[in-house]
Each structure stands twice: as C-alpha cells, then as structure tokens.
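# Survey of secondary and tertiary structure
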Amino acid sequence: MTITNYDPRILKAPHPVPGAPDNWKRFFSFNTDAKVIGIQYIVTSLFFLLVGGLLAMIVRGELITPPADLVDPSVYNGLYTMHGTVMLFLFLFPILNGFNNLLIPTMIGAPDMAFPKLNAAAFWLVPVFATVLMGSFFAPGGPASSGWWSYPPMSLQNPLGHFINGQFLWILAVALSGISSIMGAVNFVTTIIRMRAPGMGFFKMPIFVWTAWAAQTIQLIGLPPLTGGAVMLLFDLSFGTSFFRPEGGGDPVLFQHFFWFYSHPAVYVLVLPVFGIFSELFPVYARKPLFGYKFVAIASFGITFLSMIVWAHHMFYTGTPNWMRHIFMFTTMLIAVPTGVKVFAWLGTLWQGNLRLNTPMLFCLGGLFNFIFAGITGVMLATVPIDIHVGNTAFVVAHFHYVIFNTIGFGVFAGIYHWFPKFTGRMYYEGLGKVHFVLTFIGATLNWLPLHWAGLLGMPRRVASYDPEFAIWNVLGSIGAFMLGVASIPFILNMVSSWARGPQAPPNPWRAIGLEWLLPSPPPAENFQDDIPTVISEPYGYGLGHPLVEDEEFYVRRSLEA
Amino acid sequence: MTTTTPGKGPNIGAIVIITIAVGLNLVIAKMMANWSYSWFPPQASSAAPYVDDLFALETGIGSFIFFGCTGFMGWVLLFNRAGKYDESDGAPIEGNTKLEITWTIIPLVTVFLIATYSMNVNMKLQTLGPKHKYAIGTDPTTLIANDPKADIGPIDVIARQWSWEFIYPNGVRSSELHLPVDQRVNFRLISEDVLHSFFVPAFRLKQDIIPGSIISYSLTPTKEGRFRLRDAMFSGAYFSQNQTNVVVESEATYADWLKKTAGQPLQPGLDPGRSLYDRRLARGDKGWATVPPAPPPMVNDPGDPSIPHDA
Amino acid sequence: MTAVNPEVQLNHTPGHVKHDGHNMTGFVIFLCSESVIFLAFFAGYAVLKLTAPQWLPDGVDGLEVRMPLINSVVLVSSSFVAYGAEVCLHARKLWRFRAVWLLTMAMGSYFIYGQYVEWSELSFSLSSGVFGGLFYLLTGFHGLHVITGVLLMGLMLFRSFKPGNYDKGEMGVASVSLFWHFVDVIWILLFLLIYVWQ
C-alpha cells in the first residue's frame, strides 16, 4: 500500500515528537519545522513593526510643526532612513516569508520545505542582520542617514572617516538580508515545483502559492543586481574605488539603475503574496468561487515579468533620455492591466456573494479599497510630465504608503487573523479585531490621504522642516500616524491573550476549502505525514458541491479527531 | 441576494440602475477633474498648463474607476451581506471568460491611450524647454549656446550642500534667481558635491543635478511673482533648508536689477543651513554625523528670504 | 467542505508523494540567480566603459592577453575533464574518477595561481579609477567562485571514500560539476568583456 520516500533528513530533523505537548522553547531554537519557522518570522517581524512604527512616530512628531525643532535634522535623517529600512527588511520581507513558511507546505500538502535546514538558517540570519542594523545606532556618527536608497555620492560622504560607520553597517545588513532572502527564495520555489500533493497540477494550486512563486521569482532575479550594486557601493565607501564617485570618473546614476532594478520589483515581491491573501480570503467570506481563477493565477506572472522592465520610472528627472522615459512610461502603465485583472476578479467574487464581515474580511475590503486608490495614483506617477512635478514630493510618500501599508499592511493583518486559528489552535477575539480594523483604517487614511495634496503643492519628501503653507496636511498626517500607533494596542492585546487563553479553534472555523483546512489546528509536525490527500478539483469550489480531494470525509474526520 | 436575475431578455431594472450609476459617476469624475486644478500652486511657466491638464484628465479617469469600483463594493456590502446565522454559499459563479477578456482589453487600451497622450505632452514640453545631459567630464566652456532659442542665458545654477548660487551671463551673482517674465531662459545646472534637484513647484518642473555632469535646461516663466525653488533630491543634513526664491519680474525690472546689482560688491549670499548648524555647534555638536555646510557663495545680491513667497 | 458522517465507513487509500531528489532543482535555481549578479556586474562594466571620461588609469595602455589566454584555455578545458570524471563515476570506476577529478582540481588551482601571478604583476590597483576597480572586482569575484569550486571538489573527493556514498545517486558530484561549468562559462564572457574588448 504505502511506501513513502521521505527525505530521511526531514524525519531526523529535531521536531517535537508528534503528540507531545508544545514547548515554547522550540521557537528559540534552530528548529527546522516550517510552521515553527513561520511563527518565528512573524513574531520577529511584528516586533520590528513596533520598532519601525516608533521611528515613524518620531518622524511624524518632527513634521507636526513646520520648523525642525524636535530633533536635530541629522538625527531626523537617520531616523527616517532607519524607519524605511526596518519596515522593509525587518517587517515586510520577513513577515511575508513567515506566511510562505506557514502556508506553502500546508497548502500544497508537503510535510515541510524542500530544504528545512536552509530554511532555518535563512530565518536565523534575520536576527543577525537585525542586530547589525540596530547596532548601527551606536556606530560613531550614528546610523545610515542617506535614505533607504543610499544614493551616492551622498551615501559615500562618511563625515567622521571611521571605517565602521552607519552606512557601512547598513550595507552589510542589506547584503545579509539579501542572502537570507535568496536562501528563502530557492527553498520556496523548489518546494512549490517539487513537493505538491498528488493530483495538484499548477492549475489546481491555491492563488497564494501562485503569487508566492511569482514573488520569489522576482527575488531570484532582482536581488543579485542589488547585491552587486551594494558591493560596489561598499567598495566605494570603504576601499577607495570610484564606481559611483564622479571625481574618480564614476557614474552616480549607475547606482540608481542597480538599486531600482531590484527595489521597484521589491514592491511586487511584497504585494503579490498580499494579492494571494486577498484571493484566498474573498472566496471564503463571500462564499463564492474565485472569479476567473486561471486569469488571476496567470496575471501573477504577468506582474512578475513587467516588474522587471519598469525600474527607470524612478529616474524620469535624473537626466534620462526621452526615448527611455517613454518606454518606461509604457511598461509601467502596462502593469495596470494584470493588476486590474485581479482587482476586477475580486470584485466579481464579491458580486452576489454571501458576505461575512469579520476582521479578516474587513481588512481585505479595506486593503482593496486603498489599493484601487493607490493604483490610480500609481498610473499618475508613471506619467512622465506629472511625475516630473510630483516626483520626490510628499505625493510619492503618500502613494507608496498607500501601497505598502494601506494595501500590503492590511493584507498582512487580514492574513494574520484568518490563519491565526489554524496555526495557533486558538480563536482570536472578534471585538478587539474590529476595533483594530477601525482604528487602523481611519488612522491610515488620515495619515496618508492629506499628504497627496502637500505633494501636489510642492512639498518635497524627506524634509525635516517645511514652509508653513504645508502645515495643515502634515498636522492631519501626524494625527493619523499617532492613531496607527494606538491601533497596535488592541492588536497586541488580541494576539497575546488569544494565543495564551483564547477558545480552542476547530480545524476549519471559517468553513474554508483548502488543504490547510483539512489539517488539525494547529497542524502536527509533518502536516499530512505519510498520508497526503490527492487533489481532484480546482481550489475555491464554494457552492459547487464537489470535494477538493479524494476521500475528503476521511481527512475531515481525522482532523476533528486529532 | 440582489434583484438582478440572469435571464434571456434584457433586465430593465438592472439597465436603469447601471445607467444611472454610470451617469452619476461620470458627473462626479468631471467634477473631480475640475476640482483638481485647485490642488496646484499657480501656473507660472509655459509647461504648467500642460501638466495640470494632463493631471486633470487622469484625475477624471481615475475618479471614474475609483468611484465605480468602490461604489460597486458599497452596493455589494449593502445588498449581499450574509445574515448572522446564514451559512449558505453565494452564487457559484466561477468566472466569465468574455467578461475577463473585456476587462483585460479595456484597461490595456485605456493605458495605451493615456501613455500615448502623455508621450505627446512630454514631447511638447521638450520643445518648450529642452534639456540635455552632458557626459561626465565634458568641458563646460564648450557648452555655449546649446539652446539657440533661449532669450536669456545660459545662467549657471550651482547647487551645494546647502545653498544655491546663480551666475548670470554678465557675471552678476545672486542667491535668489531673477528671471524676466515670458522670456525663454537657459540654465546650466551644476552640482559641486552630491545630487540635488532643481524644483520649482509653480513651474511644475524638476531636474536632478548630477555632480560631474552639466545639464542644460530651459524653461519659460509666464507669471510675475516670487516662487519657491526647492532642492527635491535628498542631499544631507540640512536638505530641507536648501530652498530659495525665483523672482519673476517684468523685462524692464529684470534689466534694471541686473544693471544695479552688477555695481554691488560681492558679499556672502544666503546660506540657509548655517543657522541650524551653528545652533548644533553651540549645543556641543550633538546629533549624528554630518558634513559641515559649504561656505556661503559670494554674490552681488544675496536677496531677502523674509519677503513672503507666492507659491 | 464536506459534512462529516461518522456512520459511514470510509474506504481510504493514503496518497503519497516522492520527496527526494530536489537538491538539483534547488541548485539550478540558485545558479540561475547567481548568474544574474554576474550579468549585473557585466552590465555595469559595459556602461562605465562606454561613458567614463577616462577609462584606463594613467600609464596603463591595456592588458596583456597572452598569459590570461593560456589560463583561460586551462580553465575551459578543465570543464571537459570534469565531465570525463562524471562519466567515470557513472561507470563506477571510482579510482579513475578520483584521478580525473583531482586533475580538474589541479587545473582549477593552476588558474587561481595564474590569476595571482597576473594580479601581482599589474601596474594599477583597486583604486586606480573606474577600470582598476572593475577589473579587480570582476576577476576577484569570479576567482572566489573558482576557489569555492575547487574546495567543493575537494569535499566531493573526500566523500568519495565514504562507503555507500553513491547509493542514492551522484547528486553532489553532478551539482559541483554543474557549478564548475557555470564558472567556466562566466569566465568566457568575462574574458571577452575585459581582455578582448579593449
């Protein structure tokens, strides 16, 4: 009957014995279970969300009044640089890798990742480079303060002349983060290609797996040039080369190409899994199949492809020749097409559904609302003549926060609430969740909507002080930012108390369709172990009345008995 | 469940509702487009009206899409909510290939049209004020008359950490940029240290200044007044102080000013980062590392930053 | 969602999947990613060469090609030798495999030695303008890969003495061999870029 060919390394890995009581110590060990690593990623990154949020609130505190009066401008520059770096490299990338770890193996019916040790090593690099980055606050001269772009020659100035300086540590941390991400990406892609459950062809994979795959493909192609650029920057900073130093014949604009070749697609690395989360959640809470599953799946790779050929839209006003600006304007606007396919598919999924507005659904709807807005300002920014006016102003800040927090952040929260019962075995408190949503939505809107007008009126980004005519927009923005700080309280309260003493979660509290919901909550180590279901239907068969896998009742009963 | 039912014949109710909704949305989109003109500073260059028109067009299209989609979401939220104990499934619609192809093609055509139109606007802007980036190491003395259509210039714009200096063809130097109205002026944008950006919101124009390169840049102011010139590319500690004014005045006033200023002795020009840096030094040089501000440029007319600017 | 009816006897056959042999998949994915970093450096080299006002440092007329060409021939032919070793291993001629594998390592080491000699005889340094920096960056980064390759081959040689090492296939040797071909192909491109395009 059953001869399973497990990789013996997986079986020998230090899992807690199945059935043994959970031990909190496993979260602090070099555990190779993807579900443990996933939670390690998510908790670590939520901690850094608080760090980055605190930095943001100091930045917004400075900006609540026109003059530079709260902190010295040099400190302000360091704070906003670190805010961006922490939020990207220590909050968003790790938290989405956490989702990848939790969801990819369970959704495709794999016992673990393809390379469990590599997976654990990739995670443990996060605390390492986090320490490097946080340590840079104590470097002579303070942390990096040239923005997360680190454009030379500004980033090469090194005023105090020390070899170990904030910028040096920053580049080191970013390089380590890149290595960690590459390790993760190799692992995720291999797992998706090789370890799907029997019967799960590519067009039976859940959309989250599609989007994670598309996103990790970007990591594999995009991160190396960034690393190359970072290495060259490091050599310029510390070893006397002049790749980007104009006085030595170098070209500062070349760095911008390296940087944006990765850092624009990086946004899609973040947003694609969130599209996946939206695509998972809307069908569950609308009780309907995902509208146009195949289109949505293929659109993910459409975005991956286009994301590789749009980077120079960040450089419309750097002296880029006109033909290049026009090409990049066209490619950038084309991204609206696959993205539009997804947005319309979600709207189609909602149509004639039976909507249940619990916290994850509210965050999804809020995220979609904000994303439609962000997409429209995105097309405006892609338009060369408009970008020449609003580029590098508060309008850009508003636009990308609408993407990165109001869409991606919302999607992340939705995902946390939705899969919380599955992976902790506890239910969260709905009331606190709704309070969290309301505060977050109002705070986020108040924070970033007004900044669009400040930007249109000509307020540059990254300023420590500004002319008084921009005060009203900034006061509103700062109030919103503080409100977001307050919104974290119900969230933390909810997560901590629910995990500690929330009601026991059933295997499938949302009556969702998907392999992960056929597992007990929390799933045992090795997930389905040596009895993996055979997939026979497309995902999201709500209301269609056909089972997802062969012998579905057996698995449902087994999950209930566990 | 909504009232719309899939049937063979046309559903009069649905058509009426959709028509009203689309009509209303069109009206709102038009209003948003009109309103968008008020979100900008005054139009003070020949480029500004083009930018504002393009922005209004995109605001209109964007508003139509935004209110269309969110209106749809609102409708669904109002009429497709499940009751508290309703655990039934929604309509099992898996997709509609025709509809999906439609909503792939329509955005494709729309963005193609927007991009083509924007490209034409950009070409138009290029004829209003061309720019040319000269490669690193180009000899600046070879750049005379690189915009033959310019009435004034070339005026050298020198950006530093953190001050602006303007050198006029007759050798006059100033800290505020004086320009005659309705005259095409050509600049040579030069940076002596790091990246800066020449950004005048009222002109709707922005150009990064790359150290090691010289950029020839032309524009035509069309409105008299004092407009802010801001550094828009992050340039270090006192980046946000690095702003000055563009004084657009009548041709006669400009000529007078040039003649009068030529006779004035050189004196330290505006150096907006200095006072904060001095404050920092007075407090014991606390804070994170920064390069000191460059010495103030020596100019004939430092200008007066206390006069309020128009935009 | 299926309703659970505990009364019904379930006739169930567990499904299973083969979860082995994806090391090669992962390694190929990694190599694809790794090749992009070289492409980025090559692109940077080309851009700077085409735009830099002063390309070669003062007093440098160009690079001597003869020595590096010999070096290249050795490195590129070592790829074929590595392939030969793989064939021997496949035929389970272990000692012949070890000998040929060792020859590959020797050729790789000769290449590194040749690089070292070339570096030590050059009249410019890392900080000699754009060209100096790029030259040392590219050749150094590639040299690191060659050293890694030789070390990995050493590891494979060592492991070939473990009894039963090839019971589950020759994945390790195949991966290292693939890596070696990758390093060689990169070198050919690099040689064309730096030495031929002067």
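Note that the structure is a prediction, hence the values are computed from the model and not measured.

## Some words on the overall build of chain A
A tally of regular secondary structure across chain A gives 16 helices and 0 strands. With 562 residues in all, chain A has 72% of them scored as buried. Pairs at least 24 residues apart make up 81% of the contacts formed inside chain A by residues separated by at least 6 positions. Of the roughly 15700 Å² of accessible surface on chain A, 73% is carried by carbon and sulfur atoms. Seen as two clouds, the 26 positive and the 25 negative side-chain charges of chain A have centres 5 Å apart.

## Points about the overall build of chain B
Secondary structure assignment for chain B yields 5 helices and 13 strands. Relative to its length of 311 residues, chain B is extended, with a C-alpha radius of gyration of 27 Å against a globular reference of 19 Å. Projected onto its principal axes, the C-alpha coordinates of chain B cover approximately 85 × 50 × 40 Å. Put simply, chain B has 311 residues, and 51% of those count as buried. For chain B, long-range pairs separated by at least 24 residues make up 74% of all intrachain contacts whose partners lie at least 6 apart in sequence. Carbon and sulfur atoms provide 64% of the accessible area of chain B, an area that totals close to 14100 Å². Separation between the mean location of the 26 positive side-chain charges and that of the 29 negative ones in chain B comes to 2 Å.

## Re the nonpolar core
One recurring pattern in soluble globular proteins: nonpolar side chains tend to sit buried together. In this structure, L350 of chain A together with I155, L177, F187, F198 and F203 of chain B are the most contacted members of the largest nonpolar core, which totals 325 residues. With 23 residues, helix α7 (residues 252–286) of chain A is the largest single contributor of residues to this core. There are two domains that each give this core at least three residues, and those are domain 1 (12–79 + 97–128) and domain 2 (134–299) of chain B. Among all residues touching L350 of chain A, those that are not within four sequence positions of it are F282, A286, L355, M361 and L365 of chain A together with M73, V76 and N80 of chain B.

## A short note on the environment of L89 of chain C
Residue and element names in this part refer to chain C. Counting through the fold element by element, L89 comes out in helix α2 (residues 66–90). Residues L89 and S160, spaced 71 residues apart in sequence, show a C-alpha to C-alpha distance of 9.7 Å. If sequence neighbours within four positions are ignored, L89 has contacts with L94, F97, Y166, E170 and V173.

## Digging into the pairing of strand β10 (residues 225–231) of chain B
Two faces make up the sheet, and in a regular strand the side chains alternate between them. Residue and element names in this part refer to chain B. Among the 7 residues that make up β10, 7 are buried, leaving the element largely enclosed by the rest of the structure. Taking every second residue as pointing to the same face, both faces of β10 are buried, with G225, F227, L229 and D231 on one and R226, R228 and R230 on the other. Pairing of strand β7 (residues 196–200) with β10, which is carried by 2 bridges, proceeds in the antiparallel orientation. Bridged to F198 within β10 is D231. Note that β10 and strand β11 (residues 243–249) share 6 bridges and pair antiparallel. Opposite R228, over in β11, you have N245 as the bridge partner.

## Examining the side chain of N186 of chain B
All names here are of chain B. Topologically, N186 is positioned in strand β6 (residues 185–191). Taking the relative accessible area as the measure of exposure, N186 reaches 3% and is therefore buried. In this structure the side chain of N186 is engaged in a polar contact, spanning 2.9 Å, whose partner is the side chain of S218.

## Quick notes on the interface of chain B and chain A
Contacts between the two partners involve 96 residues from chain B and, on the opposite side, 100 residues from chain A. Among the residues chain B hides against chain A, the three largest losses belong to W103, F234 and W288 of chain B. Together they make up 10% of the total. Put simply, chain B and chain A have 6 salt bridges between them. Across the pair E469 of chain A and R230 of chain B runs a salt bridge, and its minimum N-O distance is 3.6 Å. For the pair chain B and chain A, the number of links is 36 residue pairs in polar contact (both at pLDDT 80 or more). Mapped by element, the contributors of at least two residues to the side of chain B that touches chain A are α2 (48–79), α3 (97–128), β1 (131–134), β8 (205–209), β10 and α5 (274–282) of chain B. Broken down by element, the side of chain B that touches chain A gets its largest block of residues, 20 residues, from α3 of chain B.

## Considerations on the domain arrangement of chain B
All names here are of chain B. Per the domain assignment, the segments of chain B are domain 1 (12–79 + 97–128) and domain 2 (134–299). The centre of domain 1, based on its C-alpha atoms, is set 37 Å off from the matching centre of domain 2. On the domain 2 side, the residues contacting the 13 residues of domain 1 number 11 residues. Here domain 1 packs against domain 2, burying approximately 1000 Å² in sum over the two surfaces, 55% of which is carbon and sulfur.

## Notes on the packing of helix α10 (residues 336–350) of chain A against α2 of chain B
The N-to-C vectors of α10 of chain A and α2 of chain B enclose an angle of 20 degrees; their axes lie 10 Å apart at closest approach. Between α10 of chain A and α2 of chain B, the angle is such that the two are roughly parallel. Of the two possible hands of crossing, α10 of chain A and α2 of chain B adopt the one that is left-handed. Mapping the contact onto sequence places F344, L347 and L350 of chain A in α10 of chain A and C69, F72, M73 and V76 of chain B in α2 of chain B. Looking at the contact of α10 of chain A with α2 of chain B residue by residue, the class counts come to 7 nonpolar, no polar and no charged.

## Topic: empty space enclosed by the protein
The full count for this structure, using the stated rule, is 11 cavities of 30 Å³ or more. Counted as a void, the largest cavity has a volume near 300 Å³. Forming the boundary of the largest cavity are 26 residues, of which P143, S145, N158 and P159 of chain A together with A289 of chain B lie nearest the centre. If you list the elements that add at least two residues to the lining of the largest cavity, you get α3 (73–108) and α5 (166–194) of chain A. Grouping the constituent residues of the lining of the largest cavity by class yields 11 nonpolar, 15 polar and no charged. There is about 170 Å³ of room inside the second largest cavity. In this structure, the second largest cavity is lined by 20 residues; those nearest its centre are L125, Q126, G129, L205 and Y217 of chain B. Taken together, the elements giving at least two residues each to the lining of the second largest cavity come down to α3, β8 and β9 (214–219) of chain B.

## Quick look at the sheet that holds strand β5 (residues 177–180) of chain B
Residues and elements named next belong to chain B. Pairing in this open sheet of 5 strands is mixed, and the strands run β5-β11-β10-β7-β8 from one edge to the other. Single-partner strands in this sheet number two, and they are β5 and β8. The mean angle between the axes of side-by-side strands here comes to 25 degrees, regardless of whether they run parallel or antiparallel. Its contacts with the sheet put helix α4 (residues 251–262) on β5 and β11, and the angle it makes with β5 is roughly 135 degrees.

## Some details on α5 of chain A
All names here are of chain A. The first and last C-alpha atoms of α5 sit 42 Å apart over 29 residues, in line with the 42 Å expected at 1.5 Å per residue. Among the 29 residues of α5, 23 are classified as buried, and the element is accordingly described as predominantly covered. Among the residues of α5, the N-terminal cap falls to N165, whose side-chain oxygen and the backbone nitrogen of Q167 are separated by 3.1 Å.

What counts as what
Residues numbered from 1 in each chain as written. Chains lettered and ligands numbered in written order. Predicted model: local features only at pLDDT ≥ 70, side-chain atom pairs only at ≥ 80, totals over all residues. Heavy atoms only, no water. Helix = DSSP H or I, 4+ residues; strand = E, 2+ residues; numbered from the N terminus. Buried < 20%, exposed > 50% of the residue type's maximum accessible area, 1.4 Å probe, protein only. Contact = heavy atoms within 4.5 Å. Areas by Shrake-Rupley, 256 points an atom, 1.4 Å probe, with all protein chains shown as cover. Lys, Arg positive; Asp, Glu negative; His and termini not counted. Charge placed at Lys NZ, Arg CZ, Asp CG, Glu CD. Rg over C-alpha atoms; globule rule 2.2 N^0.38 Å. Core = buried A, V, L, I, M, F, W, Y, C linked by side-chain atoms within 4.5 Å. Domains from an automatic or database assignment. Pairing = 2+ DSSP bridges. Polar contact = N/O pair within 3.5 Å; in protein donor to acceptor, adjacent residues only side chain to side chain. Buried area = accessible area lost by both parts, 1.4 Å probe. Salt bridge = Lys/Arg side-chain N within 4 Å of Asp/Glu carboxyl O. Axes fitted to C-alpha atoms, helices over the stretch in contact; angles between N-to-C directions. Parallel < 35°, antiparallel > 145°, perpendicular 65-115°, else oblique. Left-handed = near helix turned anticlockwise from the far one by under 90°. Nonpolar A, V, L, I, M, F, W, Y, C, P; charged D, E, K, R; others polar. 1 Å grid on protein atoms, 1.4 Å probe; cavity = no way out; pocket = protein on both sides within 12 Å on 5 of 7 lines; lining within 4 Å. Points joined across faces, edges and corners; volume = space filled by probe spheres on them. Expected span 1.5 Å × (residues − 1).

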